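The residues making up each chain are set out below.
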Amino acid sequence: MQMMTRDVLLEMDQEEDDDDDGDIVLENLEQTVVSSFGTLESQPDFQTPEFEEFNGKPDSLFFNDGQRRIDFVLVYEDESRKETNKKGSNEKQRRKRRAYESNLICGGLQLEATRSILDDKLVFVKVHAPWEVLCTYAEIMHIKLPLKPNDLKTRTSAFGNFSWFTKVLQVDESIIKPEQEFFTAPFEKNRMNDFYIQDRDTFFNPATRSRIVYFILCRIKYQVRDNVKKFGINKLVSSGIYKAAFPLHDCNFSHKSEDLSCPNERYLLYREWAHPRSIYKKQPLDLIRKYYGEKIGIYFAWLGYYTQMLLLAAVVGVACFLYGYVNQNNCTWSKEVCHPDIGGKIIMCPQCDRLCPFWKLNITCESSKKLCIFDSFGTLVFAVFMGVWVTLFLEFWKRRQAELEYEWDTVELQQEEQARPEYEARCTHVVINEITQEEERVPFTTWGKCIRITLCASAVLFWILLIIASVIGIIVYRLSVFIVFSAKLPKNFNGTDPIQKYLTPQTATSITASFISFIIIMILNTIYEKVAIMITNFELPRTQTDYENSLTMKMFLFQFVNYYSSCFYIAFFKGKFVGYPGDPVYWLGKYRNEECDPGGCLLELTTQLTIIMGGKAIWNNIQEVLLPWVKNLIGRCRTVSRAEKIAPRWEQDYHLQPMGKLGLFYEYLEMIIQFGFVTLFVASFPLAPLLALVNNILEIRVDAWKMTTQYRRMVPEKAQDIGAWQPIMQGIAILAVVTNAMIIAFTSDMIPRLVYYWSFSVPPYGDHTHYTMEGYINNTLSYFNIADFKNRSKGNPYSGLEKHTTCRYRDFRYPPGHPQEYKHNIYYWHVIAAKLAFIIVMEHIIYSVKFFISYAIPDVSKSTKSKIKREKYLTQKLLHENHLKDVTKNMGVIAERMVEVVDNNLRPKLE
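Residue indices follow the written sequence of each chain, beginning from 1 at its first position. A pLDDT threshold of at least 70 governs which residues receive local features in this predicted model, and a stricter bar of 80 or more applies before side-chain atom pairs are shown or counted, although totals over entire chains, interfaces and linings include all residues. Excluded from the side-chain calculations are hydrogens and water; all other atoms, namely the structure's heavy atoms, are used.

Under an unreviewed UniProt entry, the protein chain has the name Anoctamin and belongs to Lynx canadensis. UniProt positions are given in the numbering used here, feature names are shortened, and annotations may be inferred rather than shown by experiment. Heading Sequence similarities (unreviewed entry) of the UniProt record for the protein chain holds this comment: "Belongs to the anoctamin family."

Pasting the structure below:
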């Protein structure tokens, strides 16, 4: 073991500071910790980790003595064995690491170093927290620990008498045993006797031990330069001084540990949760929470509940789809489009300038048939249903979340959260706290905070405008490519050729633009992730929760515009401001606005959603499954060719992939974006919930597989809820009502068809004697005199069309020769009024139902409230009784001593 006195170490650092403009200054720990473990001056010597040889036990989770548990592992490359000429840089890194490890030891942690058996340049520093350190920091972190067993937390099956039916879906309790429940309270060292301490080695479970050690590692200083403190393992890892820092998995995922004392929780999670054969089983949420922490546990609980609720939406969506599919042959307006004597004789006006030809309506026959499937009465029913479904999902999730808060003992978690080390390091300004009237340090003044907020908001706005610019680029592509596809139509077009039937210019433009839009979205995502992190780091939130909430809002704002902007364009802007053939509207004075098919843009919106949802699911699975597996495979191939079974646990875990602090953030973001697709545009694609359901069933197991097999163990973290994602979902739910109502009103043709059926198919506007949809297509297509074309807009007529003097276009305008030719007719104003009325009525009905449901379903069930109050009462009573026992005992001891003193004083006098 290497020993070094404090004076010698500081003297060496001072000499090196003269050469390198000042570097290492060893600092004491915080005052509360110093009081527990002593100051640096009270430590006669500094000691670096002792190098020990591997004891040959690959499953061991302990130091070589077999007694001290490994709570964390630090990995670095030995500079003396590096093949590099950067000696100054290597020496600088070595000094920083030595100072950091010395401060860890002075802070009470115990270290043991072991060289890698596969790569002798790697050194693994194993960290162990003794009992006194754990107790001290448990009090600092306000960690709740057991007081006594709790018999109140009895969990009943939600299926009652049908529990026999769901038994096959449940986790086998003989394999994963239920956890014992306890009354808990924030730990206090001076009341240690009140806590349920049967064994000091198991009182702090491995997850809690790792969380405490990580808390210490993030706050130990290693340098002070220009009055700026530098500390924390995260900075040391990011600067390359350490290669990695992580807690250990408890065993191999594929087989049990040879150590009989090992709980084999990783193996159980893989077998009962991550393995494909368990795909139909419910998730072992309690074991997930115990092994990975509440933060990961609440994510999988939310994802599982969301997937369960999608089952109902998927069933209704499939029913609506089948309704449209079965009734597509009864679609009168589609029959008219395909009829050779109706659609085959209607000549449509060119949809672009000069190069685009005239075309017959019946070439859109196949797309009109597909449109009948989605643009049906079932779509309206499904849109209303989804408006109610999303409210039920959010309200019932709040109740489920409250139950988990009680079961996982996170009801009063907010009091436990500490400031981030990055925030504490910047606290240089002294202000007076308005509440305590005491001095406290903050990172910047009020004026400085306003400047930072302004700069962050400006940066966010700039990048959102950049996203909108990319969307405009896609629109320009659509306009340009449509001209190319239209110009290449064969001259003898009749709509019967197989290619012409299925690949019209509109369809070809829509599909290619959707694919290009998807590629641009994926590229921009990578850029925006880095930008959002940089902005949030500059903003400097105080706690980790504040940091994640701020990053969540920025990332979701970016992703919302990135993913949904093209869908909003197709749904609400395309084909809405096109003018008419003789006077079209131009983009930027150059590009003529796109027009929708005669049946509207609903089918194109469906195509866009299908490509983006499907492509996003495939791309995410490639990223989440294939990339980590390939990286781990390459890493194993690069190591020295030795049998993996002889490598120790810390070395096996090092060659796994790091999850990253924001790993879970991206999982949430992926699901929330999907939630937006399922709710915002579901009126155009009733199969969206089914696709989401299938994706989520696989997503749960894929996430479980990669966490248990491909990634290092994450540092367990506490979490009370899903954070900022809850209000984001509530905002999406409110917006979804508006978007779906507007899709039905303005994107689909449902309202114009209803207006025609009830008003314009019969006198005084129609010629039919009864309500019918016959003649609808002819009624919705206006006439235009070819002679009224401007030179710029005139099409390229083909042979056989010169005898026609008019063409048709999709709008409700008076014909040529009318006193108000090309002005909107009465039918147009009826349709507009009906659309606005429909939106108002649908929104008010759904919002009323949503408000009633939100009011009728409390966020916390009555039974859960009673359990929380009962447990709190019993906990306080238990603490009070223990306190009274201690007081009574102390008073008894005092009384005995007083009697003894009096007796000793009076006895001589009496004698």
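After that view of the structure, there is still more to cover.
I'd love a proper account of the environment of Arg478, names of residues and values included.
Helix and strand definitions here come from DSSP, where helices need a minimum of 4 consecutive H or I residues and strands a minimum of 2 consecutive E residues; each element is numbered from the N-terminal end. Relative to the helices and strands, Arg478 is located in helix 16 (residues 446-487). For the pair Arg478 and Thr509, spaced 31 residues apart in sequence, the C-alpha separation works out to 6.2 Å. Note on contacts: a residue pair is in contact if any heavy atoms of the two residues lie within 4.5 Å. In this structure Arg478 touches Thr509, Ser510, Ala513, Tyr569, Ile570, Lys574, Glu594, Glu604 and Gln608, once residues within four positions along its chain are discounted.

Run through the pairing of strand 8 (residues 182-186), naming residues and quoting values.
The buried label goes to any residue with under 20% of its type's maximum accessible area, the exposed label to any with over 50%, and the partly exposed label to all in between, with areas taken from a 1.4 Å probe on protein chains only. Summarising burial for strand 8: 4 of the 5 residues are buried, a large majority. Sheet topology note: the strand 7 (residues 144-149)/strand 8 ladder contains 5 bridges and is antiparallel. Following the sheet pairing, Pro149 is matched in strand 8 by Phe182. Strand pairing is assigned whenever DSSP detects at least two bridges linking the two strands.

I'd like to hear about the pattern of salt bridges, residue by residue, with values.
Any carboxyl oxygen of Asp or Glu that lies within 4 Å of a side-chain nitrogen of Lys or Arg is treated as forming a salt bridge with it. Under the defined criterion, the tally for this structure stands at 28 salt bridges. Among the ionic pairs, Glu91 bridges to Arg94, the shortest N-O distance being 2.3 Å. Of the two residues, Glu91 and Arg94 are both situated in helix 3 (residues 87-106); the distance of 3 residues between them amounts to about one turn of the helix. We classify Arg94 as partly exposed; its relative accessible area is 27%. A salt bridge links Arg191 to Asp194; the shortest N-O distance between them is 3.2 Å. One salt-bridge network, in which partners are shared between bridges, spans Arg271, Glu272 and Lys281.

An account of the packing of helix 19 (residues 544-572) against helix 22 (residues 663-680) is requested, with residue identities and associated values reported.
Viewed as axis vectors pointing N to C, helix 19 and helix 22 meet at an angle of 40°, and their least axial separation amounts to 11 Å. Classified by the angle between their axes, helix 19 and helix 22 sit oblique to one another. Viewed along their axes, helix 19 and helix 22 form a crossing whose handedness is right-handed. Packed against helix 19, whose contacting residues are Leu551, Thr552, Met555, Phe556, Gln559, Phe560, Tyr563, Tyr564 and Cys567, the element helix 22 presents Phe665, Leu669, Ile672, Ile673, Gly676, Phe677 and Leu680 at the interface. We call Asp, Glu, Lys and Arg charged. Ala, Val, Leu, Ile, Met, Phe, Trp, Tyr, Cys and Pro are nonpolar, and the rest, Gly among them, are polar. Considered class by class, the residues forming the contact of helix 19 with helix 22 number 13 nonpolar, 3 polar and no charged. Orientation is described by axes fitted as lines to C-alpha atoms, over the contacting stretch for helices, and by angles from 0 to 180 degrees between their N-to-C directions. Angles are sorted into four bins: roughly parallel if under 35 degrees, roughly antiparallel if over 145, roughly perpendicular if 65 to 115, and oblique for all others. Take the far helix as your reference; a near helix turned counterclockwise from it by less than a right angle gives a left-handed crossing, and one turned clockwise gives a right-handed crossing.

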